[in-house]
Amino acid sequence: MTDAVQTPHVGQTRFTPRVFSGIQPSGGLTLGNYLGALKRFVQKQDEGIETIYCLVDLHAITTWQDPEKLRQQTREAAAGFIAAGIDPTRSILFNQSQVSAHAELGWVFNCVARLGWMNRMTQFKDKAGKNAENVSLGLYAYPSLMAADILLYHATQVPVGEDQKQHVELTRDIAAKFNHDYKVDFFPLTEPVIQGVATRVMSLRDGSKKMSKSDPSDQSRINLTDDADTIAAKFRKAKTDAGVLPDLPEALADRPEARNLVNIYAALADQSVEEVLAEYAGRGFGAFKPALVDLAVAKLAPISTEMKRLMDDPAEIDRILGDGANRADAIAQPILAKTLEIVGMIRSRR
Ligand code: AQP
């Protein structure tokens, strides 16, 4: 779908390629997180670029989280990253709250971002819904903390799903305004990396809604912890239509549920939509769904098995996150210190 990613530069400054991205431990990881984000994270790591991946627990508490469950979900998400192919010795893997510089730079960016920019964020409108007066201030400020997460590392690329594109654009606006207001070339204009055929995986119950870990219906999503029987049952029950699969991708345009299942198949098989349709055109879901189930189980069951194995040793997961946090902090602190100096804060502690 995208994007020749180039090294962004501002003025004369050239920034070393560096990847940052994160996922909220606000529930279990879904197939949407896997295809839209995690698979790309692994690809970037394997390209040999410096990669920093974060379980953004400060973002998770923008909506209520039970403390014990949050700890459990954070460990489970870390296990999911590792099981999906993130190697914590090659990538930095940590949870956000262990590096306090995220919150500190987030505050500075709250003072750079404009209310009008925040008011345009569609994710806030979707999540707040009719309840906007009663959601947390943190949910509203979420995008400026996300900008801090990225810019704290001078990250040049952020692999994300389609739904996060607007937030990465806001990150660029914040970087540009900071650089302009303080007459510096300090923050890069980070590029979103939105690649693959499943950058927006939809709910299995409603093809107009994004697959989401916080959807009240567990049937709407595949969780990375689902076993083979559960994956099979969910795909069998997934909403579809009575038509057969067409020859051309364009013919799926007004068949959102059918398009979603074809996209999922293509992404899991590392094929194009055209290749999938070349094999299944003229066949209905009675034939396609069992093939999708076999493929999904073959790709996802090993991840789920490995996650369970890793979860048997929570102390080791905590050790990996602590080690990652130390390495992240070593990059973040000098960038935060320089930011505060640029802004005019006295830095006299020894
Ligand atoms: N359905 C999806 N299709 C493709 N990519 C997706 N992502 C999330 N859902 C899909 C990508 O996963 C990364 C992490 O997202 P997040 O968990 O930090 O926040 P989110 O986008 O709000 O994801 P959820 O599952 O919908 O979480 P909740 O329910 O807690 O709000 C991002 O790169 C995102 O694009």
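The coordinates are above.
A brief structural summary. Fair warning: this is a prediction, and the values are worked out from it, not measured in the lab.

**Structural notes on unusual backbone geometry**
Inference 1: Here Lys183, not a glycine, exhibits a phi torsion of approximately 55 degrees, which is positive.
Inference 2: Here Lys183 shows up in the loop between helix 8 (165–181) and strand 7 (191–193).
Inference 3: The backbone of Asp270 shows a phi angle near 55 degrees, a positive value even though the residue is not glycine.
Inference 4: Residue Asp270 is classed as exposed on the basis of its relative accessible area, which comes to 58%.

**A look at the pattern of salt bridges**
Inference 1: The final tally for this structure, using the stated rule, is 21 salt bridges.
Inference 2: One salt bridge in this structure joins Lys165 and Glu169, with 3.7 Å as the shortest N-O distance. Within this pair, Lys165 and its partner Glu169 are both found in helix 8, separated by four residues, close to a single helical turn.
Inference 3: Looking at Glu169, the relative accessible area reads 36%, which means it is partly exposed.
Inference 4: Connected via shared salt-bridge partners are Asp218, Arg221, Asp226 and Lys234.

**A short note on the site of the ligand**
Inference 1: Taken together, the neighbourhood of the ligand is formed by 23 residues, with Lys127, Asp163, Ser212, Lys213 and Ser214 sitting nearest.
Inference 2: At 2.5 Å from an oxygen atom of the ligand is found a side-chain nitrogen or oxygen belonging to Asp163.
Inference 3: A distance of 2.8 Å separates a nitrogen atom of the ligand from a polar atom in the backbone of Val201.
Inference 4: Contact with the protein chains removes 97% of the 630 Å² of surface that the ligand exposes when unbound.
Inference 5: In this structure, the ligand is accommodated by the largest pocket.
Inference 6: Elements with a contribution of two residues or more to the shell around the ligand: strand 3 (18–23), helix 1 (31–46) and helix 6 (122–128).
Inference 7: Counted by class, the shell around the ligand contains six nonpolar, 12 polar and five charged residues.

**Concerning empty space enclosed by the protein**
Inference 1: Enumeration according to the criterion identifies one cavity of 30 Å³ or more in this entry.
Inference 2: In this structure, the largest cavity occupies an estimated 40 Å³ of space.
Inference 3: Forming the walls of the largest cavity are Gln123, Phe124, Lys127, Leu139, Tyr142, Pro143 and His167.
Inference 4: Split by residue class, the lining of the largest cavity holds four nonpolar, two polar and one charged.

**Quick look at the environment of Phe187**
Inference 1: Mapped onto the secondary structure, Phe187 falls in the loop between helix 8 and strand 7.
Inference 2: Its relative accessible area of 0% is what places Phe187 among the buried residues.
Inference 3: Sequence separation between Phe187 and Glu162 is 25 residues; the distance between their C-alpha atoms is 23 Å.

Basis of the calculations
- Residues numbered from 1 in each chain as written.
- Predicted model: local features only at pLDDT ≥ 70, side-chain atom pairs only at ≥ 80, totals over all residues.
- Heavy atoms only, no water.
- Helix = DSSP H or I, 4+ residues; strand = E, 2+ residues; numbered from the N terminus.
- Buried < 20%, exposed > 50% of the residue type's maximum accessible area, 1.4 Å probe, protein only.
- Salt bridge = Lys/Arg side-chain N within 4 Å of Asp/Glu carboxyl O.
- Near = heavy atom within 4 Å.
- Polar contact = N/O pair within 3.5 Å; in protein donor to acceptor, adjacent residues only side chain to side chain.
- Areas by Shrake-Rupley, 256 points an atom, 1.4 Å probe, with all protein chains shown as cover.
- 1 Å grid on protein atoms, 1.4 Å probe; cavity = no way out; pocket = protein on both sides within 12 Å on 5 of 7 lines; lining within 4 Å.
- Sits in = over half its atoms within 2 Å of the grid points.
- Nonpolar A, V, L, I, M, F, W, Y, C, P; charged D, E, K, R; others polar.
- Points joined across faces, edges and corners; volume = space filled by probe spheres on them.

The analysis is restricted to geometry; functional conclusions fall outside its scope.
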